[in-house]
Amino acid sequence: MRNGSAREQSPWLTALHLAGLWTVAVAQPLLDLLGRTPEFFIAHDARPGDLVGLSILLCLAGPVLWLPALYAGRRCGPRPFAAAAGAAVGVLAAMLLLTAVKQAADLHRDLSFAVAAAGGALAGLWYVRSAAARLFAAFLSPAAVVAPALFLAQPGIAPLLSSAGPGPGPLEIDAPDRPPPVVVVVFDQLPLVSLLDGGGRLDRALYPHFAALADEAVWFRNASAVSGWTASALPAILTGDYPRPERLPTADHHPANLFTLLGAHYDLHVEEPLTDLCPETLCPPERAGAGAWYAAVLSDLAVVYLQVVLPAEIAGRLPPVTQSWRDFAAGDDLAGRWNGWRGQDRRKAAADAFIDAIDAAAADAPPPLHFLHTLLPHEPWVHLPTGQQHTLYPRILGNVGDLWHDDGWAVTRDYQRHLLQVQFADTLLGELLQRLRAAGIYDDALVVVTADHGASLRPGLPFRLPTAETFADVAAVPLLVKRPGRRRGSVSDANVETIDILPTIAAEAGFPLPRETDGANLFAADRSRRPAKTMFLPGDRDRLHGPGDLGDAVAQSVALKLERFESGDPTRPRLGVHDDLVGVPVAELHAERPAGFGVVVDALELLRGVEPDGSFLPAHITGRFVDREPGADVPPLAVAVNGVVAAVTRMYPFRAFGHAAPWDAVIDPRALAAGANDVRVFAIREEGDGTVVLEEASDAGSRRQPLNLVPEPAERLHGVASSGFLPTQATAHGDVRWTTGAARLSVPIDPRSPPSTLTVRILTTGPQKRLRLAVNGCTLFEGPVFGRWVETFQLRGCRPASSSLVVTLDSNAHLSREVPGQRMGVAVGALEIPRGRRR
């Protein structure tokens, strides 16, 4: 090896030196991190060859890419060649120094870059002029071989080299000659209590399709779930086994399940949005080609590396990498996927597509297995029975964490929205059954309809966590089984759990189970009596036992529901005061005197442009009190639509909908007319003789308040598009939305009269942050902010000429104490512009 002048080296020898430096500066930090997080490769569906290829690519990509520049420098002469080699070494040394400086000291970004640049320049010069430097680089070059070997041998990676693959295949079992079609529908978070009337029957008026199916099926009305969490409850349904600790809802952890049992003999049609129990051998994903796979992985690794090497102030503006295992640049974290899937119009996203894909099977084709896990009626509760969305506020009103508020009216409002969405689930079931009949499948099919778990909606008690008081609410779920070729319904009060579903399907379809399960065939004559019910608590280590017969507890919960809703109808909630006013014309009750306070009705523009057949029907009306004397009596309210009382409500004692004195009402959507609707609010007063009168509250909605672009409803109301904001969080100072470090929003405006000012209200920053605020690329502010920070900026010098106002907030971020890995930038209460003409 020659170690004379760098000008005399061959390009290949220089590339070998660069390979060692590149591995130490770039590849090794990434490989070390990836070796400790094998979930990254599971999320990216990596194969053994992918792991080997990626580790080699990471160590050799930089030097190989630099070779053309080295050869070009060689052709130009010794000096250009030495300059190219020195520059390459200098860049790699600077990258290494950036990482070291970040770990050693919290320097300002400018100083960090200055130190790295100076060190890189010196390292490049030393490499060109010193044989010792080039000898040191030569000793580093074996790292390009050693690093991949060490990476592949790490405990988290080595198992992937042998187990990475498409998962378990179908079970090898004897099949009957003509197995029946199988249809399984699992609703999410559907308590049996929600479906029942006062007589303990499925409510035919409110949920006609569940009741109609029960007419032709066996209804196991004492059925119960075994967990209140989908990740444990759904595998229990599909495997017939109780949950086990540390098992993931994947086919690798549950290789013997419904899909592997029937997969070799059925045509699988599976909608499984949150779990991966159907293995790739039976439900192959649309996996990208090698080029697209490497592009996606390298894109993620680029974000990871920049997070590692760049100063915290700049890294805070990059997409977070601690919330998920892939698609960092797209911001595709686990919570985002969950909330995004739930928050979209789920009817169009999955259910309709699933139903439309059900067709008549060819005579010589395998029978179908149609499996649908739908996230209905799980919150957010935003749907009417028709599937239309009805609210701008998807968040639960009366729940903090998993505990319901003591305010019973707030819980009743959430219960009302839940029941409306249960009616939508019934609508979906009806469409599915109709499609099965149209395809000629229904009569001969085994149809199973159930839910993964229930929920409790009682003031002061937990929502999902089963306790002695809420056990029946969370555990009791619908379970209807229509047997092949049978159309006569019946009811069973046997102690049934959802682990019994798989053994029942196997027996009804004629398939022997290859192993014993915790569950048993529901129709077996020799089925042993189960003395109690079992629910597993979070983590699947602890369990709670309940009575084997939940009938009395369910009846008590139904009675509580009927106390809140007349005949269980969600359009007739009971406030307990003046409920009989709903449906009465205002003219019969209207007093001439005013109410003595004012109200604001939110989103009046939506109520004045109703489209009865549109995707959004504003049946959830919200607002706030204004001009109210401190300490004055707050009477109940009557909300009138088009001259008729549509709802009775009252003020909440806590902040909601962005207001300090809020009220709301969910009205029967049939009260809304096409086009403009007259909405007025009245105080309900009783005269001395007991006569009830309505006193109209003054309309404060005409006051020209600034337009706040931050709240989630601004998306539908004003066309705001945003990214980098977390969901709304209530604080003592008002509602805020934290940024993740880099946030952006845009709103359409009229460029002929652009807004003149922008008011920024930051209610807290956590630690002191450095913020850059810009409008359409024009910087309004750059500097440190701490705590509450309110500023109004004149936009004269930054007034946008385009048809959109684009606001960006870039800051460093800290990690949340409540949500592991969640990056928190600044908590924004408002970005306000004057109301004016918008495009």
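As a reminder, the structure under discussion sits directly above these lines.
What counts and what doesn't
- Residues numbered from 1 in each chain as written.
- Predicted model: local features only at pLDDT ≥ 70, side-chain atom pairs only at ≥ 80, totals over all residues.
- Heavy atoms only, no water.
- Helix = DSSP H or I, 4+ residues; strand = E, 2+ residues; numbered from the N terminus.
- Buried < 20%, exposed > 50% of the residue type's maximum accessible area, 1.4 Å probe, protein only.
- Contact = heavy atoms within 4.5 Å.
- Areas by Shrake-Rupley, 256 points an atom, 1.4 Å probe, with all protein chains shown as cover.
- Polar contact = N/O pair within 3.5 Å; in protein donor to acceptor, adjacent residues only side chain to side chain.
- Pairing = 2+ DSSP bridges.
- Arc of directions from axis to C-beta.
- Disulfide = S-S within 2.5 Å.
- Core = buried A, V, L, I, M, F, W, Y, C linked by side-chain atoms within 4.5 Å.
- 1 Å grid on protein atoms, 1.4 Å probe; cavity = no way out; pocket = protein on both sides within 12 Å on 5 of 7 lines; lining within 4 Å.
- Points joined across faces, edges and corners; volume = space filled by probe spheres on them.
- Nonpolar A, V, L, I, M, F, W, Y, C, P; charged D, E, K, R; others polar.
- Axes fitted to C-alpha atoms, helices over the stretch in contact; angles between N-to-C directions.
- Phe/Tyr/Trp six-rings, centres within 6.5 Å; stacked < 30°, edge-to-face > 60°.
- Lys NZ or Arg CZ within 6 Å of the ring centre and 35° of its normal.

Chemist: How would you summarise the overall build of the protein chain if you had to cite specific residues and measurements?
Modeler: Tallying secondary structure elements over the protein chain gives 21 helices and 33 strands in all. For the protein chain, the proportion of its 839 residues judged to be buried stands at 53%. Considering only intrachain contacts with a sequence separation of at least 6, the fraction spanning at least 24 residues in the protein chain is 76%. Surface summary for the protein chain: the accessible area is close to 35,700 Å², and the carbon and sulfur share equals 55%.

Chemist: Quick rundown of the side chain of Ser227? Include the residues and the values.
Modeler: Secondary-structure assignment places Ser227 in the loop between β3 (223-224) and α10 (230-239). A polar atom in the side chain of Ser227 sits 3.2 Å from the backbone nitrogen of Trp229. Ignoring any residue separated from it by four or fewer positions in sequence, one finds Ser227 in contact with Ser232, Ala233, Asp452, His453, Met535 and Phe536.

Chemist: Describe the pairing of strand β27 (residues 769-775), naming the residues involved and giving the relevant values.
Modeler: Burial within β27 is extensive, with 5 of its 7 residues counted as buried. Note: β27 against strand β28 (residues 778-785), 7 bridges, orientation antiparallel. Pairing of Leu771 across the sheet is with Gly783, part of β28. Remark: 2 residues form the turn of the hairpin made by β27 and β28, two consecutive strands paired antiparallel; Asn776 in that turn has positive phi of roughly 50°. Pairing of β27 with strand β30 (residues 804-811), which is carried by 5 bridges, proceeds in the antiparallel orientation. By the bridge assignment, Val775 is partnered in β30 with Val807.

Chemist: Would you mind going over helix α7 (residues 143-153) in detail, with residue names and values included?
Modeler: The complete set of buried residues in α7 reads Ala144, Ala147, Pro148, Phe151 and Leu152. The arc that holds every buried residue of α7, seen down its axis, measures 125°, which confines them to one face. Exposed side of α7, more than 90 degrees from the buried face: Val145, Leu150 and Ala153 are the residues found there.

Chemist: Mind laying out the state of the cysteines, listing which residues take part and the relevant values?
Modeler: Using the criterion set out here, one finds 2 disulfides in the structure. There is a disulfide in this structure between Cys278 and Cys283, and the S-S distance comes to 1.9 Å. As the torsion about the S-S bond is roughly 70°, the Cys278-Cys283 disulfide counts as right-handed. Judged by relative accessible area, which is 9%, Cys278 ranks as buried. A residue is classified by how much of its surface remains accessible, and Cys283, at 23% relative accessible area, is partly exposed. Taken N- to C-terminal, the disulfide-bonded cysteines of the protein chain are connected 1-2, 3-4.

Chemist: Any details on the nonpolar core? Residues and values, ideally.
Modeler: Core analysis: the biggest nonpolar cluster contains 59 residues, and Phe187, Leu202, Phe210, Leu436, Val449, Leu480 and Val554 have the highest contact counts within it. At the level of secondary structure, the elements contributing two or more residues to this core comprise β1 (182-188), α9 (208-214), α15 (346-356), β5 (368-377), α16 (408-438), β8 (446-451), α17 (471-475) and α19 (551-564). When near neighbours in sequence (up to four residues on either side) are disregarded, Leu436 contacts Val183, Ile358, His370, Ile441 and Tyr442.

Chemist: Could you give me a rundown of the environment of Val639, with the residues and numbers involved?
Modeler: Assignment of secondary structure puts Val639 in strand β16 (residues 637-641). Residue Val639 is classed as buried on the basis of its relative accessible area of 0%. Separated by 43 residues in sequence, Val639 and Phe682 have C-alpha atoms that sit 6.5 Å apart. The contact partners of Val639, leaving out residues within four places of it in the chain, are Ile621, Val644, Val645, Ala646, Ala647, Thr649, Trp663, Ala665, Val679 and Arg680.

Chemist: Tell me what's going on with α10, and back it up with residues and numbers.
Modeler: Of all 10 residues in α10, 9 are buried, a share of seventy percent or more. Among the structural elements, β1, α11 (258-262), β5, β8 and α18 (501-509) are those in contact with the buried residues of α10. With its phi angle positive at about 80°, Gly240 sits one or two positions after the end of α10.

Chemist: Go over empty space enclosed by the protein with me, naming the residues and quoting the values.
Modeler: Evaluated as defined, the whole model comprises 6 cavities of 30 Å³ or more. When its volume is computed, the largest cavity comes out at roughly 100 Å³. Of the residues forming the lining of the largest cavity, the biggest block, 4 residues, is contributed by α19. Residues that form the lining of the largest cavity fall into these classes: 6 nonpolar, 3 polar and 4 charged.

Chemist: Describe the sheet that holds strand β19 (residues 679-686), with residues and values.
Modeler: The strand order across the open sheet built from 4 strands is β17-β16-β19-β20, with neighbouring strands paired in antiparallel fashion. Since the sheet does not close on itself, it has two edges, and those belong to β17 (644-649) and β20 (692-696), each with one partner. On average, each strand axis in the sheet is tilted by 35° relative to the strand beside it, whichever way the strands run. Across 5 bridges, the pairing between β19 and β20 is antiparallel. Within the sheet, the bridge partner assigned to Ile684 lies in β20 and is Leu694.

Chemist: Describe the packing of aromatic side chains, listing the residues and the values that go with them.
Modeler: Counted by the stated rule, this structure contains 13 aromatic pairs. Measuring from ring centre to ring centre gives 5.6 Å for Phe187 and Phe210, while their planes differ by 50°; the resulting arrangement is tilted. With Phe187 in strand β1 and Phe210 in helix α9, the pair connects residues that are 23 residues apart, well separated along the chain. Accessibility classification places Phe187 together with Phe210 in one group, the buried group. Judged by centre distance (6.2 Å) and plane angle (45°), the ring pair of Trp789 and Phe793 falls under tilted. Of the two residues, Trp789 and Phe793, both sit in the buried class. Aromatic ring contacts, followed pair by pair, group Trp381, Trp404 and Phe463 into a single cluster. Over the face of the ring belonging to Tyr442 we find Arg437, whose NZ or CZ atom lies 4.3 Å from the ring centre. Directly above the aromatic system of Tyr442 lies the positively charged group of Lys482, at a separation of 5.0 Å from the ring centroid.

Chemist: An account of the side chain of His378 is needed here, citing residue identities and associated values.
Modeler: As for its placement among the helices and strands, His378 is situated in the loop between β5 and β6 (399-400). Among the residues examined, His378 registers a relative accessible area of 5% and is labelled buried. Polar contacts involving the side chain of His378 include one to the side chain of Glu379, which spans 3.3 Å.

Chemist: Please provide a residue-by-residue account of the sheet that holds strand β2 (residues 218-220), values included.
Modeler: A sheet is described by the order of its strands in space; here 7 strands give the open sequence β4-β5-β1-β8-β9-β2-β10, paired in mixed fashion. Strands at the two margins of the open sheet, each flanked by one partner only, are β4 (267-271) and β10 (490-492). Across the sheet, the mean angle separating the axes of adjacent strands is 15° when strand polarity is ignored. The sheet contact formed by β1 and β5 spans 7 bridges and is parallel. Considered in β5, the bridge of Asp188 is made with Pro377. In the packing of α16 onto the sheet, the strands contacted are β1, β5 and β8, and the crossing angle to β5 comes to about 165°. Contacting β1, β8 and β9 (479-482), α18 runs over the sheet at an angle of about 175° to β8.

Read these as spatial facts, not as claims about activity.
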